[in-house]
Amino acid sequence: MERRLAAIVCADIAGYSRMMGTDEAGTHASFKAHRSAVYPNILNHGGRLVKNTGDGFLLEFPSIVGAIEAAVEMQNVMAERNHHLPSDRAMHFRMGVHMGDVITDEDEVFGDDVNIAVRLEAVAPPGGIAVSEKATIEAGKRLSVTLTDAGPHRFKNIADPVAVWTWAPAGAELRTRASAHAGAPAQYRSAIVGVLPFDNLSGSADEYFSDGLTEDLIHALSLQSFYRVLSRSSTFPFRGKSLSTRLIAREIDATYLIQGSVRRAGTKIRVTAELIAPESGEQLWTGRYDRDIDDLFALQDELTTSLSAAIAPEIFRAEASCPARNSDLTAWDRFLKGLSHYYRETKADFEASIDFFKQAIALDPTLSIARAYLATIMIQGSQYGWIKSSRQLWTQAMELAESSVRLDPRSSFAYSILAYMHVMQGRYEAAQEAIRRAVELNPYDMGARGVQGICHLVVGEHREAIELLSMAAQRGNSDPRYQWAASIAFSHYLLGQYDACLSWAREALYLNPDHLQVLAVKAAALARLGRPEEAAQARDVLLGNYPDFTIERHLRNLHWKRADDLALYREGLVKAGVPYGKIELVAKRAGD
């Protein structure tokens, strides 16, 4: 045995027993992952691990300044890792720091000063540090952080009171309140996505490309506000390790994992990727991309865009199918139930999703994404003919879009729906400003690119519209928020390309046979092509589904900038025999 002066740090996890009772295996795996993540901070300040405890560890440092700074760095690392987790899965360390004379025996430390460090840990705030006044005075002004005087404390089996100073990271008060209610259902079940490093199957010379593609995909996916994406430092340590996806997911607390490979052969490159639900092992999506190598950076950007556009809606779809956590649905659970109905794309499901989105907003008025989806589905429903279009409906949808942007100014989706609302009501400059912001926030968002195309359509720039809308349709065609085929059909019609218009109209009607606007433009295109019998059949289908449809009422809802575009569309509808106004409609019914 020997004695020496040392700084001691004691750490444990707040609420560890409760977390173990909820998910024993997952909690233990998460604790090991967090402990490994903070270990470099200990070594960087000359510390050593004395021993692991069931829910924490004991550390020894030669310097009190090093001990406190290491503790601060570890808590900052933990704050960053917890930022990606819902409150019921976050782990908050409490740390106590003291210095004094300790006894060492076979690499362990003993003595009253070790006991004081242990007692200090118990009064530290979750996510924070409690430091004895003795250690605080010794560190002096050499610390890079500010400690707060927490007053004297009396501890069990310690004769004299100990003056305590504390530190907590910014926002720790909010996190502490969250952890105090961690036993309750989480308000938001936000998915956590991990992108594993893509396997390079072409030799070490191409590893830079596979790593670059992985990093770009992490960045692209992180620009979505629906889920959280783990950083490179969380997933790259698993490169080359033959571990199951379930084990990896538990180590990094990921809900979904993305993995893939890159293979080069001559001037061609093949990228494969898959989205996995690791707990069940289910493959939710898989894709393969074969490309010619020309400009590698351009290729990498194109592949990143294609991958993120394909994967993002699949995560939405998977989350929408998740069962609720309990019978007392939270705002987030109601939103997800609304989303599950929305993906079925029937009139009854649209009505159900509207009801659930409204419930979610009533429970949590700050839930931006529910507002954006509700605005989207209300306008879509009116365009399909499932909801009666009215000034009140458009006013309500605009208010939802504006509030969604205010509540989440980083959401490209919120700005996209706001741009769409503006342009469809003839506010062209406001629409351009909103869609410019959406694209800036997320250049990989195909929804934003498509809405940008609609802005071009409405102002009469149809070739630009077709280019953007076709790209969005090609890369993001599994997302029901956007029905690009209908918009492309209109742009082709207004360019006089009626055969192309009909092709895209058939595509749109395949997805939704009752789409009011597509039935109308199909009848107009057939009439312009000089196919009167087919035009009459299309007109009869339109009026059979929507008996009150008139050209006058229909055009009143179109705020196209160019009068020539409106005239061309009007002429096609008239030529197809669609009633122009109410009087003509009544006369047609009387004739029938």
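Quick caveat, the model's predicted, so the values are computed rather than measured. (Residues numbered from 1 in each chain as written. Predicted model: local features only at pLDDT ≥ 70, side-chain atom pairs only at ≥ 80, totals over all residues. Heavy atoms only, no water.)

Considerations on the overall build of the protein
Rules: The secondary structure listing takes helices from DSSP runs of H or I that are at least 4 residues long and strands from runs of E that are at least 2 residues long, numbered from the N terminus. Per-residue accessibility, obtained with a 1.4 Å probe over protein chains only, is compared with the maximum for each type, and a residue is labelled buried under 20%, exposed over 50%, and partly exposed between these values. For the area figures, the Shrake-Rupley method with a 1.4 Å probe applies, and any residue is considered shielded solely by the protein chains shown.
When you go through the protein residue by residue, the secondary structure sums to 25 helices and 14 strands. Across the 592 residues of the protein, 54% fall into the buried class. Put simply, the protein shows about 26500 Å² of open surface, and 50% of that area lies on carbon and sulfur atoms.

As for the nonpolar core
What counts, and what does not: Side-chain atoms within 4.5 Å are what join buried Ala, Val, Leu, Ile, Met, Phe, Trp, Tyr and Cys residues into a set we call a nonpolar core.
Counting 131 residues, the largest nonpolar core has Phe198, Tyr227, Leu307, Phe335, Leu339, Tyr493 and Tyr569 as the members making the most contacts within it. Counting 33 residues, the second-largest nonpolar core is a separate cluster that includes Val9, Tyr16, Met99 and Ile129.

So, the packing of helix H18 (residues 462-475) against helix H19 (residues 484-494)
Geometrically, a packed helix pair is captured by the angle between its two axes and the distance between the axes. Stated precisely, the cut-off is as follows: Helix axes use the C-alpha atoms of the stretch in contact, all axes being lines fitted to C-alpha atoms, and the angles between their N-to-C directions lie in the range 0 to 180 degrees. For classification purposes, angles smaller than 35 degrees are called roughly parallel, those larger than 145 roughly antiparallel, those between 65 and 115 roughly perpendicular, and all remaining angles oblique. Crossings are sorted by hand: turned counterclockwise from the far helix by less than a right angle, the near helix makes the crossing left-handed, and turned clockwise it makes it right-handed. Between two residues, a contact is recorded if the distance between any of their heavy atoms is within 4.5 Å. Classification used: nonpolar for Ala, Val, Leu, Ile, Met, Phe, Trp, Tyr, Cys and Pro, charged for Asp, Glu, Lys and Arg, polar for all others including Gly.
Across the interface, H18 lies against H19 with an axial gap of 9 Å and an inter-helix angle of 155°. Considering the angle they form, H18 stands roughly antiparallel to H19. As for how H18 packs across H19, the hand of that crossing is left-handed. Across the interface between the two elements, His462, Ala465, Ile466, Leu469, Ser470, Ala472 and Ala473 of H18 pack against Trp484, Ser487, Ile488, Ser491, His492 and Leu494 of H19. Of the residues assigned to the contact of H18 with H19, the class counts are eight nonpolar, five polar and no charged.

Here we look at helix H4 (residues 112-123)
The condition that has to hold: Multiplying one less than the number of residues by 1.5 Å gives the expected span of a helix. What the arc covers is the set of directions going from the helix axis to the C-beta atoms.
Between its first and last C-alpha atoms H4 spans 17 Å; for twelve residues at 1.5 Å apiece the expected length is 16 Å, and the two agree. Those residues of H4 not exposed but buried are Asp113, Val114, Ile116, Ala117, Leu120 and Glu121. The buried residues of H4 occupy an angular sector of 155° when the element is viewed end-on, so they sit on one face.

Some details on the side chain of Ser353
Relative to the assigned elements, Ser353 resides in helix H12 (residues 347-363). Its relative accessible area of 0% is what places Ser353 among the buried residues.

Quick word on the pairing of strand S8 (residues 162-167)
Here is the rule: Two strands are counted as paired when DSSP detects at least two bridges linking them.
One ladder, built from four bridges, connects strand S6 (residues 129-132) with S8; its direction is antiparallel. Pairing of Ser132 across the sheet is with Val164, part of S8.

Focus: the confidence of the model for the protein
The test is simple: One number per residue, pLDDT, summarises how confident the predictor is, and it ranges from 0 to 100.
Taken as a whole, the protein shows an average pLDDT of 84; of its residues, 90% reach a score of 70 or greater. Taken as a whole, residues 172-189 scores under 50 in pLDDT and shows 35 contacts with residues more than four places along the chain or in a different chain.

A closer look at the pattern of salt bridges
The following threshold applies: Whenever Lys or Arg places a side-chain nitrogen within 4 Å of a carboxyl oxygen from Asp or Glu, that contact is recorded as a salt bridge.
Tallying each qualifying case throughout the model produces 20 salt bridges. The residue Glu121 makes a salt bridge to Arg94 at a minimum N-O spacing of 3.8 Å. Of the two residues, Glu121 is situated in helix H4 and Arg94 in strand S4 (residues 93-105); the sequence distance between them amounts to 27 residues. With a closest N to O distance of 2.4 Å, Arg436 and Glu433 form a salt bridge.

Let's talk about a positive patch on the surface
What counts here: Only residues whose relative accessible area exceeds 30% and that form no salt bridge are eligible for patches; like-charged ones are grouped when within 9 Å, while nonpolar side chains (Val, Leu, Ile, Met, Phe, Trp, Tyr) are grouped when within 5 Å. Positive residues here are Lys and Arg, negative ones are Asp and Glu, while His and the chain termini are left out of the count. A charged residue contributes its charge at one atom only: NZ of Lys, CZ of Arg, CG of Asp or CD of Glu.
Together, Lys388, Arg553, Arg556 and Lys582 line one region of the surface with positive charge. Residue placement: Arg553 occurs in helix H23 (residues 551-556).

Quick word on the packing of aromatic side chains
In plain terms, the rule: Between 30 and 60 degrees the pair is tilted, below 30 it is stacked and above 60 it is edge-to-face, where a pair is any two Phe, Tyr or Trp rings, Trp via its six-membered ring, whose centres lie within 6.5 Å.
For the structure on display, the rule yields 18 aromatic pairs. An angle of 45° between the planes, with centres 5.5 Å apart, marks the rings of Tyr342 and Phe350 as tilted. When sorted by exposure, Tyr342 lands in the same class as Phe350, which is buried. Look at Tyr384 and Trp386: their rings are 5.0 Å apart centre to centre, the planes differ by 80°, and that puts the pair in the edge-to-face class.

Focus on a nonpolar patch on the surface
Nonpolar side chains collect at one region of the surface, where Tyr39, Leu43 and Leu49 lie side by side and expose about 250 Å² of accessible area between them. Its place among the elements puts Leu49 in strand S2 (residues 48-53).

Structural notes on the environment of Phe93
Here Phe93 shows up in strand S4. In this structure Phe93 comes out as buried when scored by relative accessible area, which is 1%. Between the C-alpha atoms of Phe93 and Pro125, which are 32 residues apart in sequence, the distance is 8.6 Å.

Things to note about the side chain of Asp364
The condition that has to hold: Polar contact is defined as a pair of N or O atoms within 3.5 Å, subject to the rule that within protein one atom must be able to donate a hydrogen and the other to accept it, and that residues adjacent in sequence are counted only when both atoms are side-chain atoms.
The residue Asp364 is located in the loop between H12 and helix H13 (368-384) in this model. With no salt bridge to any partner, buried Asp364 finds its closest opposite charge in Arg371, at an N-O distance of 7.8 Å. A polar side-chain atom of Asp364 sits 2.6 Å from a polar atom in the side chain of Thr366.

Some remarks on helix H15 (residues 412-424)
The end-to-end C-alpha distance of H15, which contains 13 residues, comes to 18 Å, matching closely the 18 Å that a straight helix rising 1.5 Å per residue would cover. Where burial is concerned, most of H15 is hidden: 13 out of the 13 residues are buried. The N-cap of H15, judged by a side-chain oxygen 3.4 Å from the amide nitrogen of Phe413 a few residues on, is Ser411. With its phi angle positive at about 85°, Gly426 sits one or two positions after the end of H15.

Points about the packing of H13 against helix H14 (residues 391-407)
Contact geometry for H13 and H14: axes closest at 8 Å, N-to-C directions at 155°. As summarised for this structure, H13 and H14 are arranged roughly antiparallel, according to the angle between their axes. As H13 runs across H14, the sense of the crossing is left-handed. Contacts between H13 and H14 involve Ser368, Arg371, Ala372, Leu374, Ala375, Met378, Ile379 and Ser382 on the former and, on the latter, Leu393, Trp394, Gln396, Ala397, Leu400, Ala401, Ser403, Ser404 and Leu407. Residues belonging to the contact of H13 with H14 are distributed by class as follows: eleven nonpolar, five polar and one charged.

Some thoughts on the environment of Phe490
Turning to its location among the elements, Phe490 is positioned in helix H19. Classification of Phe490 as buried rests on a relative accessible area of 5%. Residues Phe490 and Ala505 lie 15 residues apart in sequence; the distance between their C-alpha atoms is 8.7 Å. Setting aside residues no more than four positions away along its own chain, Phe490 makes contact with Leu457, Gln517, Val521, Trp560 and Tyr569.

Observations concerning the pairing of strand S14 (residues 282-292)
Every regular strand shows the same layout, with side chains that alternate between the two sheet faces. Here strand S13 (residues 268-277) pairs with S14 via ten bridges, running antiparallel. The partner of Arg270 across the bridge, within S14, is Asp290. Counted between consecutive antiparallel strands, the loop separating S13 from S14 contains four residues, among which Gly281 sits at a positive phi close to 80°.

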